[in-house]
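If you want the building blocks of each chain, they are given just below.
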Amino acid sequence: SRYYREVLPGEIVKISRYDVQTLDVVPRPEGDPSAFCIFEYVYFARPDSIFEGQMVYSVRRRCGQQLAIEAPVEADLVSTVPESATPAALGYAQKCGLPYVEVLCKNRYVGRTFIQPNMRLRQLGVAKKFGVLSDNFKGKRVVIIDDSIVRGNTISPIIKLLRESGAKEVHIRVASPPIRFPCYMGINIPTKEELIANRPEFHDLANYIGADSVVYLSVEGLVSSVQESIKARQENENSLKSQKSRVGKIGHCTACLTGEYPVELEW
């Protein structure tokens, strides 16, 4: 298989053994910018996916670099919980000039934890899910990069595991902003009450999850990481075109982070 092109928003495509045909493109209401889900870049998509002409892996690495600018910390090494946040952790380490070191390895013989019926079973599952590479971090200050903290259940037993295995300090850096609002566009985000960012514990989150510090990426930092290369490409395209046919405004949906929905809700 090979990458051909993206399907445009509202485009109906027919793929046959002979070719790829556009049957129709549903027009967007006049003046409405596109609203591509920004959380696809953060978490849902495969790292080798290509959206808006850029690879998801590259965006996640930029998020890590931006996080290092916004939230540096005195530490000895950078790591992650395998393996969705690895690109962000590599970006953070590179920007901070710290080594990227593996502190956990996945136990391939354990099932998925998020489908366990209750929180206690999920937390027990997390403890069994990882092996500890204690030689790599014993007596050292560790920065763990995570891609998102939604409920706060899974990171807590991991921090406990690292401390018990000899980590001197454990700092958490999250390569996305806190999720505060539900999604009405089809993404399965927990209820507002379940989200850690809306709970009283969030005001002292480091203490609640047992970390030395916790800092999330800002919304502005995420948006700039996502839009940086899109803007560069658009500027390049604009310089090749006449001013009359300027490329459209970039749009991303940040509703789960900001509460600003791209469409009005009808109750």
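The rules we used
- Residues numbered from 1 in each chain as written.
- Predicted model: local features only at pLDDT ≥ 70, side-chain atom pairs only at ≥ 80, totals over all residues.
- Heavy atoms only, no water.
- Salt bridge = Lys/Arg side-chain N within 4 Å of Asp/Glu carboxyl O.
- Buried < 20%, exposed > 50% of the residue type's maximum accessible area, 1.4 Å probe, protein only.
- Helix = DSSP H or I, 4+ residues; strand = E, 2+ residues; numbered from the N terminus.
- Phe/Tyr/Trp six-rings, centres within 6.5 Å; stacked < 30°, edge-to-face > 60°.
- Core = buried A, V, L, I, M, F, W, Y, C linked by side-chain atoms within 4.5 Å.
- Contact = heavy atoms within 4.5 Å.
- Patch = residues over 30% accessible without salt bridge, like charges linked within 9 Å, V, L, I, M, F, W, Y side chains within 5 Å.
- Areas by Shrake-Rupley, 256 points an atom, 1.4 Å probe, with all protein chains shown as cover.
- Polar contact = N/O pair within 3.5 Å; in protein donor to acceptor, adjacent residues only side chain to side chain.
- Pairing = 2+ DSSP bridges.
- Axes fitted to C-alpha atoms, helices over the stretch in contact; angles between N-to-C directions.

Named according to an unreviewed UniProt entry, the protein is PUR1 Amidophosphoribosyltransferase originating from Burhinus bistriatus.

A.B. asks: Provide a residue-level description of the pattern of salt bridges, including the pertinent values.
C.D. replies: The full count for this structure, using the stated rule, is seven salt bridges. Here Asp48 ties to Arg46 by a salt bridge, and the two come within 2.6 Å at their closest N and O atoms. Taking relative accessible area as the criterion, Asp48 reaches 42% and is therefore assigned partly exposed. Taking the shortest distance from any N to any O, the salt bridge between Arg163 and Asp212 comes out at 2.8 Å. Here Arg163 is found in helix H5 (residues 155–164), whereas its partner Asp212 is found in the loop between helix H6 (205–209) and strand S11 (213–216), with 49 residues between them in sequence. The partly exposed category is assigned to Arg163, whose relative accessible area is 32%. For Asp212, a relative accessible area of 38% translates into the label partly exposed.

A.B. asks: Tell me about the packing of aromatic side chains, residues and numbers included.
C.D. replies: What the rule picks out here adds up to eight aromatic pairs. With a centroid separation of 5.6 Å and 50 degrees between ring planes, the pair formed by Phe36 and Tyr41 is classed as tilted. An angle of 40 degrees between the planes, with centres 6.3 Å apart, marks the rings of Phe39 and Tyr43 as tilted. Of this pair, Phe39 and Tyr43 both sit in helix H1 (residues 38–44), separated by four residues, roughly a single helical turn. These aromatic residues form a ring-pair network of at least three members: Phe36, Tyr41 and Phe51.

A.B. asks: Explain the nonpolar core to me, using residue names and the numbers behind them.
C.D. replies: The biggest cluster of nonpolar side chains holds 33 residues, and the ones touching the most others in it are Val78, Tyr92, Ile145 and Leu222. Sorting the residues of this core by element identifies H1, helix H2 (56–70), helix H3 (86–96), strand S9 (141–146), helix H7 (219–240) and helix H8 (255–258) as the ones contributing at least two each. Examining the composition of this core, we find that five residues originate from one element, H2, more than from any other. Setting aside its immediate chain neighbours within four residues, Val78 contacts Ala89, Tyr92, Ala93, Leu98, Pro99, Tyr100, Val101, Val143 and Ile145. With 28 residues, the next largest nonpolar core counts Val103, Ile155, Ile172 and Ala206 among its residues.

A.B. asks: Describe a nonpolar patch on the surface, naming the residues involved and giving the relevant values.
C.D. replies: On the surface, Tyr184, Met185, Val263 and Leu265 cluster together to form a nonpolar patch covering roughly 350 Å² of accessible area. Considering the arrangement of structural elements, one finds Tyr184 in the loop between strand S10 (169–174) and H6.

A.B. asks: If you had to explain the environment of Glu169 to someone new, which residues and values would you point to?
C.D. replies: Secondary-structure assignment places Glu169 in strand S10. Sequence spacing of Glu169 and Lys140 is 29 residues, and the spatial spacing of their C-alpha atoms is 6.8 Å. The contacts of Glu169, once residues within four sequence positions are left out, are Glu74, Lys140, Arg141, Val142, Arg163 and Asp212. One polar contact links Glu169 to His171, side chain to side chain, over a distance of 2.8 Å.

A.B. asks: Could you give an account of the pairing of strand S1 (residues 11–15), with specific residues and numbers?
C.D. replies: The pairing of S1 with strand S2 (residues 20–25) spans five bridges and is antiparallel. Within S2, the residue paired with Ile12 across the bridge is Asp24. Taking the residues between adjacent antiparallel strands as the criterion, S1 and S2 are bridged by four residues.

A.B. asks: Residues and numbers for the sheet that holds strand S6 (residues 77–80), please.
C.D. replies: Paired through their backbone hydrogen bonds, the strands of a sheet run either parallel or antiparallel. The parallel open sheet is built from four strands, whose spatial order is S6-S9-S10-S11. The sheet terminates laterally at S6 and S11, the two strands that pair on one side only. In this sheet, adjacent strand axes meet at a mean angle of 25 degrees when their direction is disregarded. Bridge count between S10 and S11: four bridges; the pairing is parallel.

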